Amino acid sequence: MTPSGGQDREEDREPVTVTDKRRIDPNTGAVREEAKAAGAAGSATSNPEKKAAAAEPGASAPGAAASEGDSDADAKVAELTADLQRAHADFANYRKRVERDRQAVIDSAKASVVTQLLGVLDDLDRAREHGDLESGPLRSVSDKLTAAFEGLGLATFGAEGDDFDPSLHEAVQHDGQDGHPVLAAVLRKGYKMGDRVLRTAMVVVTDGDKAEQEPGTGDAETKSETESE
């Protein structure tokens, strides 16, 4: 009786099914396809609110990036414009300085050449005083040379009666001690080009009455004396 009853109980039992849920295949060590599919589906459907929240910053990011890019571009353009303006101003100043230096070199060269020829002008002045330049070919040469020097800007200074100026006149004789110094005689003319003095004038200085040098003073004194008489 007992053996038959135990056999019936064994037949009534349900068969046992074993399911292998391991993600890693123990034989190959690779991730099983079923595990990959389940993981992808779970991540897509697990939290739709987080997915939507993550999508919102991504949607507004292009607009914010574009605005920031425009601001950087404007700042770069302003910086380059300022650099260009500074470069233009520096170049303009450099060009003016070069032109000024070039003109100074030209004027210095002219003055150097003319200074060496001042002796020729002195000889022509002495010849003119003796009447040797009144006619003849030498007068033509003198006129042409004088015109050429005047074209270069050469000018003479120093005439009898002019006020004495130590920066322009070299006094070789001085008559008197008090009064207003004037030129009594010019022994050698002075020459200058523009503001550059090439040679001072050699003169004789005398002290005249300062009252006589002031216009109208002498006439007023004469008139006063006449009225008193």
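Residues numbered from 1 in each chain as written. Predicted model: local features only at pLDDT ≥ 70, side-chain atom pairs only at ≥ 80, totals over all residues. Heavy atoms only, no water.

What exactly am I supposed to notice about the side chain of Ser142 here?
Tracing the backbone shows Ser142 in helix α5 (residues 137–151). With relative accessibility at 1%, the residue Ser142 sits in the buried group. In contact with Ser142, not counting residues within four places along its chain, are Leu124, Arg128 and Leu133. (Helix = DSSP H or I, 4+ residues; strand = E, 2+ residues; numbered from the N terminus. Buried < 20%, exposed > 50% of the residue type's maximum accessible area, 1.4 Å probe, protein only. Contact = heavy atoms within 4.5 Å.)

Explain helix α4 (residues 118–129) to me, please; I cannot follow it from the model alone.
Because an α-helix packs 3.6 residues into every turn, residues spaced three or four apart end up facing the same way. Helix length check: α4, at twelve residues, gives a terminal C-alpha distance of 17 Å against a target of 16 Å (1.5 Å per residue), a fit within 8%. Within the sequence span of α4, burial applies to Leu118, Leu121, Asp122, Leu124, Asp125 and Ala127. (Expected span 1.5 Å × (residues − 1).)

How should I be thinking about the sheet that holds strand β5 (residues 196–199) in this particular structure?
Strands belonging to one sheet form pairs held by backbone hydrogen bonds; the direction of such a pair is parallel or antiparallel. The strand order β1-β4-β5 describes an open sheet built from three strands, whose pairing is antiparallel. Two strands in the sheet have a free side with no partner beyond their single neighbour: β1 (154–157) and β5. Adjacent strand axes in the sheet meet at a mean angle of 35 degrees, parallel and antiparallel pairs treated alike. As judged from the four bridges shared by β1 and strand β4 (residues 190–193), these two strands associate in the antiparallel manner. Each bridged residue has a counterpart across the sheet, and for Phe157 the counterpart in β4 is Gly190. Strands in contact with α4 are β1, β4 and β5; relative to β4, the strand with the most contacts, it is inclined by about 135 degrees. (Pairing = 2+ DSSP bridges. Axes fitted to C-alpha atoms, helices over the stretch in contact; angles between N-to-C directions.)

Looking at this structure, how should I read the pattern of salt bridges?
Oppositely charged side chains are able to pair whenever their charged atoms sit close together. Within this structure, the stated rule accounts for seven salt bridges. Across the pair Arg102 and Glu99 runs a salt bridge whose closest N-O atoms are separated by 2.7 Å. Separated by three residues within a single helix, Arg102 and Glu99 lie in helix α3 (residues 48–116), roughly one turn from each other. On the accessibility criterion, Arg102 (43% relative accessible area) is partly exposed. The exposure class assigned to Glu99 is partly exposed, which follows from its relative accessible area of 40%. Across the pair Glu170 and Arg188 runs a salt bridge whose closest N-O atoms are separated by 3.9 Å. Of the two residues, Glu170 sits in strand β2 (residues 169–175) while Arg188 sits in strand β3 (residues 180–188), which places them 18 residues apart along the sequence. (Salt bridge = Lys/Arg side-chain N within 4 Å of Asp/Glu carboxyl O.)

Sorry if this is basic, but what is going on with the nonpolar core here?
It is characteristic of soluble globular proteins that their nonpolar side chains tend to be buried jointly. One finds Ala111, Val114, Leu118, Leu121, Leu124, Ala127, Leu133, Phe149, Leu154, Tyr191, Met193 and Leu198 forming the largest nonpolar core, which totals twelve residues. Taken together, the elements giving at least two residues each to this core come down to α3, α4 and β4. Looking at this core element by element, the count peaks at four residues for α4. Discounting chain neighbours no more than four positions away, the residues touching Leu133 are Leu124, Ala127, Arg128, Leu138, Arg139 and Ser142. Judged by nonpolar contacts, the second largest core, of five residues, contains Phe157, Leu183, Ala201 and Val205. (Core = buried A, V, L, I, M, F, W, Y, C linked by side-chain atoms within 4.5 Å.)

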